[in-house]
Amino acid sequence: MHVQEKNCKSFKDKREDKAKATLISKIPDPAASRFSLATPFVENNLAEMAFSAAHKALVLAMILQVNADALASYTLGKKTCELGAHTLGLSGGTALLSFCYHPIPIVFSKAKDVHVWDPEGRKYLDFLSAYSAVNQGHCHPRILSVLVQQCQQMTLSSRAFYNDKFPIFAKHVTKLFGYEMVLPMNTGAEAVETALKLARKWGYERKGIPTNEGVIISCCGCFHGRTLGAISMSCDNEATRGFGPFLPGQLKVEFGNADALKTIFEVHGNKVAGFLFEPIQGEAGVILPPKGYLQSVRELCSKYNVLMIADEVQTGIARTGKLLACEWEGVRPDVVILGKALGGGVLPVSAVLADKDVMLCIRPGEHGSTFGGNPLASAVAIAALEVVVEEKLAERAVEMGQVFRNQFLDVQNAYPDIIREVRGQGLLNAVELNAKGLSSVSAFDICQQLKERGILAKPTHDTIIRFSPPLTIRLEELSEAAKAFKEVLEHDLPKIRQQLQGALTQQPPDACDRCGQHKYEDQEEQVVSS
Ligand SMILES: Cc1ncc(COP(=O)(O)O)c(C=O)c1O
């Protein structure tokens, strides 16, 4: 009986093993981007292989809610799995990460200014800066010292009481940006939500829009964060699909097209509370509007009594070479949304700026956040802003941005069939690759090779690579990036192409569910020969 039971159990184990192994092999490899046949190339490399195995195990672990390390051994053996888990920074633990990101396979374990190090001690140049949240450079000593000092003093009061740091921050930020009031929040998306609520309230109370009929207009291709309100403004299938229904009372208009905005204001103007826009569309791939657009927006918003709401979460705090990107056209929005670098790369700090006639539409008890305006965040944000001003980071962004674009234009001249465009403002730049020239290779593959050469950048959409290093970056570090990029195109690209020969055609991106547009048209033409 005992023997029988044992046999039975081992048979069951074996059956489960087989089932799990089959399931693992069916899990798409996150490192393979949209190219399903990119996997063999990725798995040529042991570290990548371990990464891939660990990733698969983690996904499966989440499905089955069991230990990831144990599961990874089904594919590659325990040793390799541990390597992979270590590479992922997850050694020894049960993986509880959600898979809502598609990271470049590298673990950060230390960072200083423009550099980061992985757990094995390899050093890299950071050309993403946590999506522009680290404008001041990683672990800026002055910001850290304020953080530590304030931590020892007091961290949180909630706004049920006053604290002695928030008023100082409020005075500092309003003076610096030239607004009468500030409403503090934490993440960028929360600040966007706040601005949307503020605009609706203003619309009903000041503009006289009939109750519950207020409209907010946003731009095709925009990105304002991941909350429901923010994605309701968005035009990106990845961000929106499967998350409906969206907020009512929103309309879309083409970004950069002042005539289209005028038309929509003419038709809906009496119900439009706000126009929400990014001065440069960051996540869309660093899309710059035509010159004069922001001025036209200002004129139209004033004429139709619509709040001009600038989302400067990514473009603000000197990233484009001015404290606010709107300053490039001498324009003052009615509402400004700040985030990311406001926290100096240390804490999430965001804020909405507006004058009293707008801000006072929200009264006590109508909006808030437990952590918004906390003394720790306030102290850090003051230091973060002081560093930007005192180290002249805006001026540096102008100068270094020009150098960056010149260097990459040289690379483009050498590889005109591969680089379609180099564009940007200040240190918010993008290199758009030519889908046809790339053949079956993706921008993600290029970024993986850049990583091998010590440069960390991230694709946005399949053919665009954004370069947004800390604003403290120096000339020689910019040159390293241009050199690495050139080497990737010269040495790595031909090899990847060869390895991907026979790769499946990339799925052309669908038209946007919301506005019906094909935003990334060039990719539609990308047909990879097998
Ligand atoms: C323009 C813009 N708005 C809002 C957000 C959302 O910020 P967070 O990720 O802090 O919520 C982002 C983030 O990338 C952004 O780029």
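Residues numbered from 1 in each chain as written. Predicted model: local features only at pLDDT ≥ 70, side-chain atom pairs only at ≥ 80, totals over all residues.

**Comments concerning the overall build of the protein**
Thought 1: Counting secondary structure elements, the protein contains 20 helices and 15 strands.
Thought 2: For the protein, the proportion of its 530 residues judged to be buried stands at 48%.
Thought 3: When contacts within the protein are restricted to residue pairs at least 6 apart in sequence, long-range pairs at least 24 apart make up 73% of them. (Helix = DSSP H or I, 4+ residues; strand = E, 2+ residues; numbered from the N terminus. Buried ≥ 20, exposed ≤ 12 C-beta atoms within 10 Å, placed from the backbone. Contact = placed C-beta atoms within 7 Å.)

**Concerning the sheet that holds strand E12 (residues 428–433)**
The strands making up a sheet associate through backbone hydrogen bonding, with each pair oriented either parallel or antiparallel.
Thought 1: With respect to topology, 4 strands assemble into an open sheet ordered E11-E12-E15-E14, the strand pairing being antiparallel. With one partner strand each, in any of the chains shown, strand E11 (419–425) and strand E14 (458–460) form the two edges of the open sheet. On average, adjacent strands in this sheet sit at an angle of 30 degrees to one another, irrespective of strand direction.
Thought 2: Here E12 pairs with strand E15 (residues 464–467) via 4 bridges, running antiparallel. Bridging across to E15, Ala430 finds its partner in Arg466. (Pairing = 2+ DSSP bridges. Axes fitted to C-alpha atoms, helices over the stretch in contact; angles between N-to-C directions.)

**Details of the site of the ligand**
Thought 1: Of all residues adjacent to the ligand, which total 15 residues, the nearest are Gly188, Ala189, Gly225, Val313 and Gln314.
Thought 2: Among the elements that take part in the shell around the ligand, helix H9 (residues 188–207) stands out by supplying 3 residues, more than any other.
Thought 3: Classifying every residue of the shell around the ligand gives 5 nonpolar, 7 polar and 3 charged. (Near = placed C-beta within 6 Å. Nonpolar A, V, L, I, M, F, W, Y, C, P; charged D, E, K, R; others polar.)

**Looking at the confidence of the model for the protein**
Thought 1: Across the protein, pLDDT averages 84, with 78% of residues at or above 70.
Thought 2: In the model, residues 1–52 has pLDDT below 50 throughout and makes 75 contacts with residues more than four positions away in sequence or in other chains.
Thought 3: In this model residues 521–530 is a low-confidence stretch, pLDDT under 50, and it forms 22 contacts with partners more than four residues away in sequence or in other chains. (pLDDT = per-residue confidence, 0-100.)

**Side note on helix H18 (residues 443–452)**
In an α-helix, one turn spans 3.6 residues, which is why side chains three or four residues apart end up on the same side.
Thought 1: Among the 10 residues that make up H18, 7 are buried, leaving the element largely enclosed by the rest of the structure.
Thought 2: Those residues of H18 that fall on the buried side of the exposure criterion are Ala443, Asp445, Ile446, Cys447, Gln448, Gln449 and Leu450.
Thought 3: Taken together, the buried residues of H18 touch E12, strand E13 (455–456), E14, E15 and helix H19 (475–499).
Thought 4: The first or second residue beyond H18 is Gly454, which carries a positive phi of 90 degrees.

**Things to note about helix H16 (residues 393–414)**
Thought 1: If you check H16, its first and last C-alpha atoms are 31 Å apart, about what 22 residues at 1.5 Å a residue would give, namely 32 Å.
Thought 2: For H16, the complete set of buried residues consists of Leu393, Ala394, Arg396, Ala397, Met400, Gly401, Phe404, Phe408 and Val411. Along the axis of H16, the buried residues cluster in a sector spanning 125 degrees; they form a single face. Turned more than 90 degrees away from the buried face of H16 sit Asn406, Asp410 and Asn413, all of them exposed.
Thought 3: Taken together, the buried residues of H16 touch helix H15 (375–390), E11, E12, E15 and H19. (Expected span 1.5 Å × (residues − 1). Arc of directions from axis to C-beta.)

**Some points on the sheet that holds strand E10 (residues 350–354)**
Thought 1: Read across the sheet, 7 strands follow the order E4-E10-E9-E8-E7-E5-E6 without closing on themselves; strand pairing throughout is mixed. Two strands in the sheet have a free side with no partner beyond their single neighbour: strand E4 (181–185) and strand E6 (250–253). Ignoring strand direction, the axes of neighbouring strands in this sheet form an average angle of 20 degrees.
Thought 2: The pairing of strand E8 (residues 307–311) with strand E9 (residues 335–338) spans 3 bridges and is classified as parallel. Bridged to Ala310 within E9 is Val336.
Thought 3: Its contacts with the sheet place helix H8 (residues 166–177) against E4, E9 and E10, and it is angled at close to 120 degrees to E4.
Thought 4: Across the sheet, H9 touches E4, strand E5 (215–219), strand E7 (272–277), E8, E9 and E10, and the angle it forms with E10 is around 25 degrees.

**Some words on the pairing of strand E3 (residues 123–126)**
On a regular strand, one side chain projects to one face of the sheet and the next to the other, so that they alternate.
Thought 1: In the sheet, strand E2 (residues 115–117) pairs with E3 via 3 bridges, with the strands oriented antiparallel. Within E3, the position partnered with Trp117 by the bridge is Lys123.
Thought 2: As consecutive antiparallel partners, E2 and E3 are separated by 5 residues, and within that stretch Gly121 has a phi angle of approximately 90 degrees, a positive value.
Thought 3: When E3 meets E13, the two strands line up parallel, connected through 2 bridges. The residue of E13 that forms the bridge with Asp126 is Leu456.

**Here we look at the packing of helix H12 (residues 258–268) against helix H13 (residues 293–303)**
Thought 1: The geometry of H12 relative to H13 is characterised by a closest axis approach of 10 Å and an angle of 15 degrees between their N-to-C directions. Relative to H13, the element H12 lies roughly parallel. Seen along the crossing, H12 lies across H13 with a hand that is right-handed. Contacts between H12 and H13 involve Ala258, Leu261, Lys262 and Phe265 on the former and, on the latter, Tyr293, Ser296, Val297 and Leu300.
Thought 2: Across the contact of H12 with H13, the residue classes tally to 6 nonpolar, 1 polar and 1 charged. (Parallel < 35°, antiparallel > 145°, perpendicular 65-115°, else oblique. Left-handed = near helix turned anticlockwise from the far one by under 90°.)

**With respect to unusual backbone geometry**
Thought 1: The omega angle of the peptide bond from Gly244 to Pro245 is 0 degrees, so this bond is cis rather than trans.
Thought 2: For Pro245, the location among the structural elements is in the loop between helix H11 (237–240) and E6.
Thought 3: Here Cys139, not a glycine, exhibits a phi torsion of approximately 50 degrees, which is positive.
Thought 4: Within the element layout of this structure, Cys139 appears in the loop between helix H6 (129–132) and helix H7 (141–153).
Thought 5: The class of Cys139 is partly exposed, set by 16 C-beta atoms lying within 10 Å.

**Looking at the environment of Gly256**
Thought 1: Tracing the backbone through its elements, the reader meets Gly256 in the loop between E6 and H12.
Thought 2: Between the C-alpha atoms of Gly256 and Cys219, which are 37 residues apart in sequence, the distance is 8.6 Å.
Thought 3: In contact with Gly256, not counting residues within four places along its chain, are Pro289, Pro290 and Tyr293.

**What about the packing of H8 against H15?**
Thought 1: Relative orientation of the contacting elements H8 and H15 amounts to 35 degrees, with a least axis distance of 8 Å. The chirality of how H8 crosses H15 is left-handed. Contacts from Phe166, Ile168, Phe169, His172, Val173 and Leu176 in H8 reach Pro375, Ser378, Ala381, Ile382 and Leu385 in H15.

**So, the nonpolar core**
Thought 1: Formed by 130 residues in total, the largest nonpolar core has its most connected members in Ala195, Ile337 and Val380.
Thought 2: At 11 residues, H15 tops the list of elements feeding residues into this core.
Thought 3: Not counting residues within four places of it along the chain, the set of residues in contact with Ala195 comprises Leu276, Ile309, Val335, Ile337 and Val352. (Core = buried A, V, L, I, M, F, W, Y, C linked by C-beta atoms within 7 Å.)

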